[in-house]
Amino acid sequence: MSSETESIEFDKTFDKILSALTPASSDTTGAAHELIEPIEWLKQCLVYNVPHGKRNRGLACVQTYRIIAEQRGVEPSDGDMELARILGWTVEILQAFFLIVDDMMDQSVTRRGQSCWYKLPYVGLMSCNDSIMVDQHMYRVLRLYFSDKPYYQKIVDLYHEISRCTGFGQCMDTASNPPDKRPQFELFSQRRYDTIVKYKTSLYSFVLPVRLAMYMSGIDLESEHKYAEDILLKIGHLFQVQDDYLDCFGDPDVIGKIGTDIEEGKCCWPIVQAFRVCNRDQRATLEANYGLKDGDSVAKVKDIYRGLGVKEMFADEEERYYKEICVAIEG
């Protein structure tokens, strides 16, 4: 199946999940009928927040399951592929939960080309409870479709562990750049950056989808999951370094967005590298201008980046991680 066809089939599955989670009033009885108002609200929240991203995480789960089957010389049934898509959508629902919370904490204005959920005039702080409902209905999907599967408890446990770790990553990231305060530059170290990337991004974006597909495929040896996780953490790190670099130096017409990490004072890869090699005067200039929503300040930061050779550092880092990933895969 082509990637385009797989993407189309994946989108169809979301409608199926949405119908199961938010039945129409004519299809509800008892407690479900009593809750028709919050169920309708939940539907609005899911439709607004879940299906509008690139869906890379969910599709990675589906594609991994298909690849494992093909390597075994097995053609997965339509039913099995549909379960893989449902499992993939649980990753996307988890992602929506994280983003709703992240946008509130960062006081962001837009997400995926539309207003952040909490910024809608009829939502506001209701989004705090909405994030909980989204998270819990991800587990509802798992129970509805996988509770009779031998790997059910393993994927539930994995979700709990990944969510716990992502919370730690979010905590460290926010503490580095707290709302309504200047960035905490003394915390912008390589070690902290690496830890934030691992816990806030790599685990749920790269490790989770693949390990879910492995469990669904009957691969449950701890050693095999550890081997996959080690490689996926490297891929996740490389992805975030590339994303941070492009946020600063990428062409908006190519990458599809205008970078704002400097204005927002993010603890990202370029500033960490700059702090690692700059002199006292350069650091003073960086600290005075980083995290300000001002075009001249952004330009000063980028000028120092160029002078310090951050672009060349990125090329070296990208090549080094690519080689490490290739060696790990071959090993």
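In short, a report on the structure.

Cut-off values and rules
Residues numbered from 1 in each chain as written. Predicted model: local features only at pLDDT ≥ 70, side-chain atom pairs only at ≥ 80, totals over all residues. Heavy atoms only, no water. Disulfide = S-S within 2.5 Å. Buried < 20%, exposed > 50% of the residue type's maximum accessible area, 1.4 Å probe, protein only. Axes fitted to C-alpha atoms, helices over the stretch in contact; angles between N-to-C directions. Helix = DSSP H or I, 4+ residues; strand = E, 2+ residues; numbered from the N terminus. Parallel < 35°, antiparallel > 145°, perpendicular 65-115°, else oblique. Left-handed = near helix turned anticlockwise from the far one by under 90°. Contact = heavy atoms within 4.5 Å. Nonpolar A, V, L, I, M, F, W, Y, C, P; charged D, E, K, R; others polar. 1 Å grid on protein atoms, 1.4 Å probe; cavity = no way out; pocket = protein on both sides within 12 Å on 5 of 7 lines; lining within 4 Å. Points joined across faces, edges and corners; volume = space filled by probe spheres on them. Salt bridge = Lys/Arg side-chain N within 4 Å of Asp/Glu carboxyl O. Phe/Tyr/Trp six-rings, centres within 6.5 Å; stacked < 30°, edge-to-face > 60°.

**Focus: the state of the cysteines**
- Counted according to the given criterion, the structure contains zero disulfides.
- The thiol of Cys165 is unpaired, and the distance to the nearest cysteine sulfur, on Cys171, comes to 13 Å.
- Judged by its relative accessible area of 8%, Cys165 falls in the buried class.

**Some thoughts on the packing of helix 1 (residues 3-21) against helix 3 (residues 36-49)**
- Orientation of helix 1 relative to helix 3, taken along the N-to-C sense of each, is 160°, at an axis distance of 10 Å. The angle between the axes of helix 1 and helix 3 places the two elements in the roughly antiparallel class. The handedness of the crossing between helix 1 and helix 3 comes out as right-handed. Taken together, the residues of helix 3 that come into contact with helix 1 (itself represented by Phe14, Leu18 and Leu21) are Ile39, Lys43, Leu46 and Val47.
- In terms of residue class, the contact of helix 1 with helix 3 is built from six nonpolar, no polar and one charged.

**Brief notes about empty space enclosed by the protein**
- For the structure on display, the rule yields one cavity of 30 Å³ or more.
- Contributing to the lining of the largest cavity are 14 residues, with Asn49, Leu99, Asp103, Arg111 and Trp117 lying nearest its centre.
- Among the elements of the structure, helix 3, helix 5 (78-106) and strand 2 (114-115) are those that each provide at least two residues to the lining of the largest cavity.
- In terms of residue count, helix 5 provides more of the lining of the largest cavity than any other element does, four residues in total.
- Its residues assigned to classes, the lining of the largest cavity comprises seven nonpolar, four polar and three charged.

**What about the pattern of salt bridges?**
- A complete count under the given rule lists 20 salt bridges for this structure.
- Lys234 is the partner of Glu324 in a salt bridge, and the nearest nitrogen-oxygen pair spans 3.2 Å. Taken together, the residues span a long stretch of sequence, with Glu324 in helix 15 (residues 310-330) and Lys234 in helix 9 (residues 222-249) at a distance of 90 residues.
- On the basis of relative accessible area, Glu324 is assigned to the partly exposed category, the value being 27%.
- Arg320 is paired through a salt bridge with Glu317; the nearest N and O atoms lie 3.0 Å apart. Here Arg320 pairs with Glu317, and both are found in helix 15, just three residues apart, close to one helical turn.
- Look at the salt bridges and you will find they share partners, linking Glu6, Lys16, Arg66, Glu82 and Arg85 into a network.

**Digging into the side chain of His225**
- As for its placement among the helices and strands, His225 is situated in helix 9.
- Residue His225 is classed as buried on the basis of its relative accessible area of 3%.
- Leaving out residues up to four positions away in the same chain, His225 has contacts with Arg211, Met214, Tyr215, Ile219 and Asp220.

**Notes on the layout of surface pockets**
- Each pocket or cavity is described by its volume, and for the second largest pocket that value is around 320 Å³.
- Surrounding the second largest pocket, Thr64, Ile67, Ile68, Gln71, Val210, Met214, Ile219, Glu224, Tyr227, Ala228 and Ile231 form its lining.
- Elements represented by at least two residues in the lining of the second largest pocket include exactly helix 4 (56-71), helix 8 (190-216) and helix 9.

**A few points about the packing of aromatic side chains**
- Taken as a whole and judged by the stated rule, the model has 20 aromatic pairs.
- Geometrically, the ring pair formed by Phe14 and Trp89 is tilted, given 4.9 Å between the ring centres and 45° between the ring planes. Within this pair, whereas Phe14 is found in helix 1, its partner Trp89 is found in helix 5, the two being separated by 75 residues in sequence. For the pair Phe14 and Trp89, a shared accessibility class is recorded, and that class is buried.

**A short note on the packing of helix 4 against helix 5**
- One can describe the packing of helix 4 onto helix 5 by two numbers: an axis separation of 7 Å at closest approach and a directional angle of 150°. Between helix 4 and helix 5, the angle is such that the two are roughly antiparallel. Classified by chirality, the crossing of helix 5 by helix 4 is right-handed. Here helix 4 contributes Asn56, Arg57, Gly58, Cys61, Val62, Tyr65 and Arg66 to the contact with helix 5, which in turn contributes Asp80, Met81, Ala84, Arg85, Leu87, Gly88, Val91, Glu92 and Gln95.
- Considering only residue class, the contact of helix 4 with helix 5 consists of seven nonpolar, four polar and five charged.

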